[in-house]
Amino acid sequence: MTKVAAKCIREQPRFRKIFKDGGKFEKRISLASSAPYGAGMGVVEKVLEAGGAEESITALEKEAAAYIGVKYAAALSSGSAAIHLALKLAAEKLYGSASGISTPLGMGTGGALAGVKVFCSDFTSAEMAFPVIYEGGEPVFIDSCDADWGMDPEALEIAFECYPDVKIVLMNHPYGFPGQIRTVKEICTRHGALLIEDASDSLGARVDCADGGKGSLTGSIGDYGILDFGCGRIATGFSGGMLLTDDHYSCKKAQYWASGSHAASPWNQHEELGYAYKMNAAAAAFIHGQFQSLDGQIKRKRKIYEAYRDKLEGGIMYMNPVGEGAEPNYWISCAVCDSNIRFMETRDDRGYTYTDQHGTAAPMEICDALEAFGAKGRPVYKPISMQPLFRNYDQITLDGSRRSYRDFYDDAFWVRCNVAKECFERCICLPSDVWMTDEEQELVTDLVLACFNKADIYF
């Protein structure tokens, strides 16, 4: 946004009672900052002084496994790297090869998933699907559920009816709000499929809490669990990821691959494909100890979510839905524009326009208003099936396979029942930074509400 455009927004009459004389926030309000919280602030120097680089990585792996409730963890360079190695482990277990050497396409040319379909959550970042492509596979995207925005179990059942040979499922928990992972796991077990659970958004979130118990942490339920510690995560090293498993062989194999697949030899011997996926020691030291402060972060995130809910819900917006028996980590608070007056907004692949209307507001209109005053909002995930790179891959909704429609290959065509697409078109991520004060959040809320009230512009 240009300075002139921001100034024009700040000078609109509807915002004058919130900030006087075209003012804005003194410091920028982040969506979710990357600063460690609580006890994590003083851990880096202690860890590096105590044992050095390799020891910091080992300590983090033990801490992560103990916290999540799994037996083993492999520290990696990113969550995407963890998904990639989880896919290779699944392929080795299911198809007998993790390198593609045994694939029908020939010596090392096919990838571990050559000719294989993989079911992936649609409402998430495309980084989930990239590793499927790296290994020669074909992602099939499963729509979300209205109840929690996670993978829809009914759509997954339909997907298995369409593609009964699929044996790998990738599922996430959008914005820290757990999906129906137990039901998805039961469906996978019934079909002989392995489940890779991406808990990158939901570190610290729990399921199975309906009866007042502590339940289970996300990342511990799938055959393989995934964590990401990138910028803005609830626990961060500014980079880094983790593969979680109860299988000792899988952990050791992932660590072996991540270190370049160096065989036990006096020289640089390589007998398998390897990757530079090992976690940076400084990142490990930075992350180490942040698990101790997660409860404090989640408590603060929940307070932010509830403050938005109390002010915004009731006729114009509603917040991320919380699934039955779930305790989110409330990583990002999202709001759905739900006024009874339909907003007018048009998007193409890289741009957008909207029309001013009293009584309603478009998601990008709210984003622009927040940006003009120095607060960060953003659109929610654009479904992977809507991305130009993936538009010709299949998507499964409650209406069935998208490829069953005659106009599937028309870029202008969209299926009727598409929860992920509706979320993208109607939702916005609101500032959810733990360092945002109550007073600053109240101003953010006032800005959002002012976007719906344009009476002073027209009358």
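Preceding this paragraph is the structure being described.
First, a word on scope: everything that follows refers to the structure included in this document.

Each value, and the rule that gives it
- Residues numbered from 1 in each chain as written.
- Predicted model: local features only at pLDDT ≥ 70, side-chain atom pairs only at ≥ 80, totals over all residues.
- Heavy atoms only, no water.
- 1 Å grid on protein atoms, 1.4 Å probe; cavity = no way out; pocket = protein on both sides within 12 Å on 5 of 7 lines; lining within 4 Å.
- Points joined across faces, edges and corners; volume = space filled by probe spheres on them.
- Nonpolar A, V, L, I, M, F, W, Y, C, P; charged D, E, K, R; others polar.
- Salt bridge = Lys/Arg side-chain N within 4 Å of Asp/Glu carboxyl O.
- Helix = DSSP H or I, 4+ residues; strand = E, 2+ residues; numbered from the N terminus.
- Buried < 20%, exposed > 50% of the residue type's maximum accessible area, 1.4 Å probe, protein only.
- Polar contact = N/O pair within 3.5 Å; in protein donor to acceptor, adjacent residues only side chain to side chain.
- Pairing = 2+ DSSP bridges.
- Contact = heavy atoms within 4.5 Å.
- Axes fitted to C-alpha atoms, helices over the stretch in contact; angles between N-to-C directions.
- Phe/Tyr/Trp six-rings, centres within 6.5 Å; stacked < 30°, edge-to-face > 60°.
- Lys NZ or Arg CZ within 6 Å of the ring centre and 35° of its normal.

## Here we look at the layout of surface pockets
Its volume calculated, the largest pocket comes out at about 380 Å³. Forming the boundary of the largest pocket are 24 residues, of which Ser125, Asp201, Asp228, Arg233 and Tyr381 lie nearest the centre. Considered class by class, the residues forming the lining of the largest pocket number eight nonpolar, ten polar and six charged.

## Remarks on the pattern of salt bridges
Scanning the model with the defined rule gives 22 salt bridges in all. Here Lys253 ties to Glu92 by a salt bridge, and the two come within 3.2 Å at their closest N and O atoms. Of this pair, Lys253 sits in helix 8 (residues 248-258) while Glu92 sits in helix 4 (residues 79-95); the two residues are 161 residues apart in sequence, bridging distant segments of the chain. Of the charged contacts in the structure, one is a salt bridge between Asp310 and Arg309, with a shortest N-O distance of 3.5 Å. Three or more residues are tied together by salt bridges with common partners; here these are Glu92, Lys253 and Glu272.

## What to know about the environment of Asp295
As for its position among the elements, Asp295 is in helix 10 (residues 294-312). The spacing of Asp295 and Asn329 is 34 residues in sequence and 8.8 Å in space, taken between C-alpha atoms.

## Here's the deal with the side chain of Ser56
Here Ser56 lies in helix 3 (residues 53-68). Residue classification places Ser56 among the buried positions, given a relative accessible area of 1%. Within polar-contact distance, the side chain of Ser56 engages the backbone oxygen of Ala281 at 3.3 Å.

## Notes on the sheet that holds strand 10 (residues 317-319)
Read across the open sheet, the four strands follow the order 10-11-17-14; overall the sheet is antiparallel. The sheet is open, and its two edges are formed by strand 10 and strand 14 (378-379), each paired on a single side. Of the strand pairs in this sheet, strand 10 and strand 11 (residues 334-337) are connected by three bridges, and their pairing is antiparallel. Across the sheet, the residue bridging to Met319 is Ala335, located in strand 11. Against the sheet, helix 11 (residues 363-372) makes contact with strand 10, strand 11, strand 14 and strand 17 (427-429), and its axis sits at roughly 25° relative to strand 17, the strand it touches most.

## Let's talk about the side chain of Ser250
For Ser250, the location among the structural elements is in helix 8. A polar atom in the side chain of Ser250 sits 2.6 Å from the side chain of Asp247. Ignoring anything within four residues of it in the chain, the contact list for Ser250 reads Leu89, Tyr224 and Thr245.

## Quick word on the pairing of strand 2 (residues 117-121)
Here strand 2 lies mainly inside the structure; four of its five residues are buried. Judged from the five bridges that link them, strand 2 and strand 3 (residues 138-142) form a sheet pairing that is parallel. Note that in strand 3 the partner of Cys120 across the bridge is Phe141.

## A word on the packing of aromatic side chains
For the coordinates displayed, the defined rule picks out 20 aromatic pairs. On the numbers, 5.0 Å between centres and 50° between planes, the contact of Tyr305 with Tyr330 is tilted. Placement of the pair is Tyr305 in helix 10 and Tyr330 in the loop between strand 10 and strand 11, with a sequence separation of 25 residues. Aromatic ring contacts, followed pair by pair, group Phe123, Trp149, Tyr175, Trp331 and Tyr381 into a single cluster. Here the guanidinium or amino end of Arg342 rests over the ring plane of Phe343, the centre of that ring lying 4.6 Å away. Stacked on the ring of Phe424, the Lys or Arg Arg347 has its end atom at 4.5 Å from the ring centre.

## Points about empty space enclosed by the protein
Taken as a whole and judged by the stated rule, the model has two cavities of 30 Å³ or more. Empty space within the second largest cavity amounts to approximately 50 Å³. Ser33, Arg233, Gln297, Lys301 and Val434 are, among the eleven residues lining the second largest cavity, the residues nearest its centre. Among the residues forming the lining of the second largest cavity, the class breakdown is five nonpolar, three polar and three charged.

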